[in-house]
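A structural walkthrough
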Amino acid sequence: MAPAALTFDGVLAMCSHLPGIEESQSYGTRAIKVKGKLLVRLKEDGETIVLKMSFVVRDILMHEQPSVFFITDHYRDWPMVLVRLASVKKKQLRELVESAWRENAPPKLVREFDARA
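As the structure is a computational prediction, the values presented were derived from the model and not from experiment. (Residues numbered from 1 in each chain as written. Predicted model: local features only at pLDDT ≥ 70, side-chain atom pairs only at ≥ 80, totals over all residues. Heavy atoms only, no water.)

1. Considerations on helix α2 (residues 55-64)
The set of residues buried in α2 consists of Arg58, Leu61 and Met62. All buried residues of α2 project into a common sector of 100° when viewed along the axis, lining one side. Among the exposed residues of α2, those pointing more than 90 degrees away from its buried face are Val56, His63 and Glu64. Close packing links the buried residues of α2 with β5 (69-70), β6 (80-84) and α3 (90-104). (Buried < 20%, exposed > 50% of the residue type's maximum accessible area, 1.4 Å probe, protein only. Helix = DSSP H or I, 4+ residues; strand = E, 2+ residues; numbered from the N terminus. Arc of directions from axis to C-beta. Contact = heavy atoms within 4.5 Å.)

Below you can see the structure in the form of structure tokens.
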């Protein structure tokens, strides 16, 4: 039996331990931000998320796992990737979300988080 697909609520829950995380909206859909900076947003289809990341990591993920990670022409010039929630592994997404948080959170928050770990 295949594991249940992640939901946006599940993505939000996996972010809850990260300081400065806030639920918000972006382009009329639910979003997760750190101190006002977008990390993740739900696509209009309700089954895909937009995740902030570097172009290099995005290209590697799309090459290695095209059934999970992809872009549309709209995102070609933005450091973001589309992620199919039904296909992504929870552990992998947790790591990618934390990486996005680390790159976008204020350095002081990252230092405080690492000091507690």
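2. Here we look at the side chain of Lys33
Among the secondary structure elements, Lys33 is positioned in strand β2 (residues 29-34). Although buried, Lys33 forms no salt bridge, and the nearest oppositely charged side chain, Glu22, lies 6.3 Å from it. One polar contact links the side chain of Lys33 to the main-chain carbonyl oxygen of Gln25, over a distance of 3.5 Å. Not counting the four nearest positions on each side in its chain, Lys33 is found in contact with Gly20, Ile21, Glu22, Ser24, Gln25, Leu38 and Leu39. (Lys, Arg positive; Asp, Glu negative; His and termini not counted. Salt bridge = Lys/Arg side-chain N within 4 Å of Asp/Glu carboxyl O. Polar contact = N/O pair within 3.5 Å; in protein donor to acceptor, adjacent residues only side chain to side chain.)

3. Comments concerning the nonpolar core
What tends to happen in soluble globular proteins is that the nonpolar side chains get buried as a cluster. Counting 39 residues, the largest nonpolar core has Val40, Leu51, Phe69, Leu93 and Trp101 as the members making the most contacts within it. For this core, the secondary-structure elements that each account for two or more residues are α1 (8-15), β2, β3 (37-42), β4 (48-52), α2, β6, α3 and α4 (107-116). (Core = buried A, V, L, I, M, F, W, Y, C linked by side-chain atoms within 4.5 Å.)

4. Some points on the sheet that holds β5
Read across the open sheet, the 6 strands follow the order β1-β2-β3-β4-β6-β5; overall the sheet is antiparallel. At either end of the open sheet lies a strand with only one pairing partner, and these are β1 (21-26) and β5. Here β4 pairs with β6 via 5 bridges, running antiparallel. Each bridged residue has a counterpart across the sheet, and for Leu51 the counterpart in β6 is Val81. The sheet contacts of α3 involve β1, β2, β3, β4 and β5, and relative to β4 the element is tilted by about 40°. (Pairing = 2+ DSSP bridges. Axes fitted to C-alpha atoms, helices over the stretch in contact; angles between N-to-C directions.)

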